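Results of the structural survey
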Amino acid sequence: MPYRVCTLFASLGHGLAAGLLGVIALAGSGERATASEAAWTALGRPGAVAVMRHALAPGTGDPAEFTLGDCSTQRNLDARGRAQAETIGEALRARGISFDRVLTSQWCRCRETAELVAMGQVDAFPALNSFFQQRAQREPQTRDTLAYLRALPEEDSVLLVTHQVNITALTGVYPASGEIVVGRIGTGGFEVAGTIEFAY
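**Concerning the state of the cysteines**
Within the structure shown, the criterion is met by one disulfide. Linked covalently through their sulfurs, Cys71 and Cys108 form a disulfide whose S-S length is 2.0 Å. Handedness of the Cys71-Cys108 disulfide follows from its S-S torsion of about -90 degrees: it is left-handed. Note that Cys71 is positioned in the loop between strand 2 (49–53) and helix 3 (79–94) and Cys108 in helix 4 (residues 108–117), a separation of 37 residues in sequence. A relative accessible area of 38% means that Cys71 is categorised as partly exposed. Of all cysteine sulfurs in the structure, the one in Cys108 sits closest to Cys110, which takes part in no disulfide; the separation is 9.5 Å.

**Some thoughts on the environment of Glu112**
Tracing the sequence through the fold places Glu112 in helix 4. Between the C-alpha atoms of Glu112 and Val122, which are 10 residues apart in sequence, the distance is 9.7 Å. For Glu112, the residues in contact, after removing those within four places along its chain, are Leu77 and Arg82.

**Describing the packing of aromatic side chains**
Counting across every chain of the model gives two aromatic pairs. Seen in terms of ring centroids, Phe66 and Trp107 are 4.7 Å apart; in terms of plane orientation they differ by 25 degrees. Their pairing is stacked. Here the residue Phe66 occupies a position in the loop between strand 2 and helix 3, and Trp107 occupies one in the loop between strand 3 (101–104) and helix 4, the gap between them amounting to 41 residues. Residue Phe66 is classed as partly exposed on the basis of its relative accessible area of 24%. Their ring planes at 45 degrees and their centres at 4.9 Å tell us that Phe125 and Tyr148 sit as a pair that is tilted. Here the residue Phe125 occupies a position in the loop between strand 4 (122–124) and helix 5 (138–151), and Tyr148 occupies one in helix 5, the gap between them amounting to 23 residues.

**Section: unusual backbone geometry**
Of note, Ala118 is a non-glycine position whose phi angle comes to about 60 degrees, a positive value. Tracing the chain through its elements places Ala118 in the loop between helix 4 and strand 4. Judged by relative accessible area, which is 43%, Ala118 ranks as partly exposed.

**Observations concerning the packing of helix 3 against helix 4**
Between helix 3 and helix 4, the least distance of the axes is 7 Å, while the angle of their chain directions is 40 degrees. With respect to helix 4, the axis of helix 3 lies oblique. In this structure, helix 3 meets helix 4 at a crossing whose hand is right-handed. Contacts between helix 3 and helix 4 pair Arg82, Ala85, Glu86, Gly89, Leu92 and Arg93 from the former with Glu112, Thr113, Leu116 and Val117 from the latter. Residues that form the contact of helix 3 with helix 4 fall into these classes: four nonpolar, two polar and four charged.

**Comments concerning the pairing of strand 2**
Burial analysis of strand 2 places five of its five residues in the buried class, which makes it a mostly covered element. Burial of the side chains of strand 2 extends over both faces: Val49, Val51 and Arg53 are buried on one face and Ala50 and Met52 on the other. In terms of strand pairing, strand 2 meets strand 5 (residues 158–162) through five bridges, oriented parallel. Across the sheet, Ala50 pairs through a bridge with Leu159, a residue of strand 5. With four bridges joining them, strand 2 and strand 6 (residues 180–186) adopt antiparallel strand pairing. Bridge pairing in strand 6 places Val51 opposite Val181.

Cut-offs and rules
Residues numbered from 1 in each chain as written. Predicted model: local features only at pLDDT ≥ 70, side-chain atom pairs only at ≥ 80, totals over all residues. Heavy atoms only, no water. Disulfide = S-S within 2.5 Å. Helix = DSSP H or I, 4+ residues; strand = E, 2+ residues; numbered from the N terminus. Buried < 20%, exposed > 50% of the residue type's maximum accessible area, 1.4 Å probe, protein only. Contact = heavy atoms within 4.5 Å. Phe/Tyr/Trp six-rings, centres within 6.5 Å; stacked < 30°, edge-to-face > 60°. Axes fitted to C-alpha atoms, helices over the stretch in contact; angles between N-to-C directions. Parallel < 35°, antiparallel > 145°, perpendicular 65-115°, else oblique. Left-handed = near helix turned anticlockwise from the far one by under 90°. Nonpolar A, V, L, I, M, F, W, Y, C, P; charged D, E, K, R; others polar. Pairing = 2+ DSSP bridges.

These figures come from the coordinates and say nothing about function on their own.
This is the structure in structure tokens:
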């Protein structure tokens, strides 16, 4: 696997207490959070970029009759996915995390995830749309995403809700459903600080 977070407890004292907050916020639903303290620290800084894979949506890809804008033709979140998205939002707020912008793929499972996480106004950004079945779009969409992030004010923090293929192309990480890759844009591209995984 290209990149994974290895520990939840990066330090003792204050660091340990902070590391536990994400777990405590999730304890009521039986969900666990795995993250490096570096990921949480980076996420709380101005200018953080959080790239999140949509929450649990059973299956792979999309049905043959997929139509953009018609959720009935798409692979969507199930009840666990909706609960997962809500719980992730609760965990982020428990940490005092906020975002200046929340952008999403136009796919229904991503938009619903972004809305249920409830971290601010949700805006569609077509460069985050899945290219799982249109691999030729990998480079142009990744390039457009990077260009957008580079043009943001330096202090703006942003949450991108998108798909595994987009996240892997942008960051090199193969994320689980609901996992957040945290980093910032450097001269060479996306610089990963760590990931936060919310998995049942």
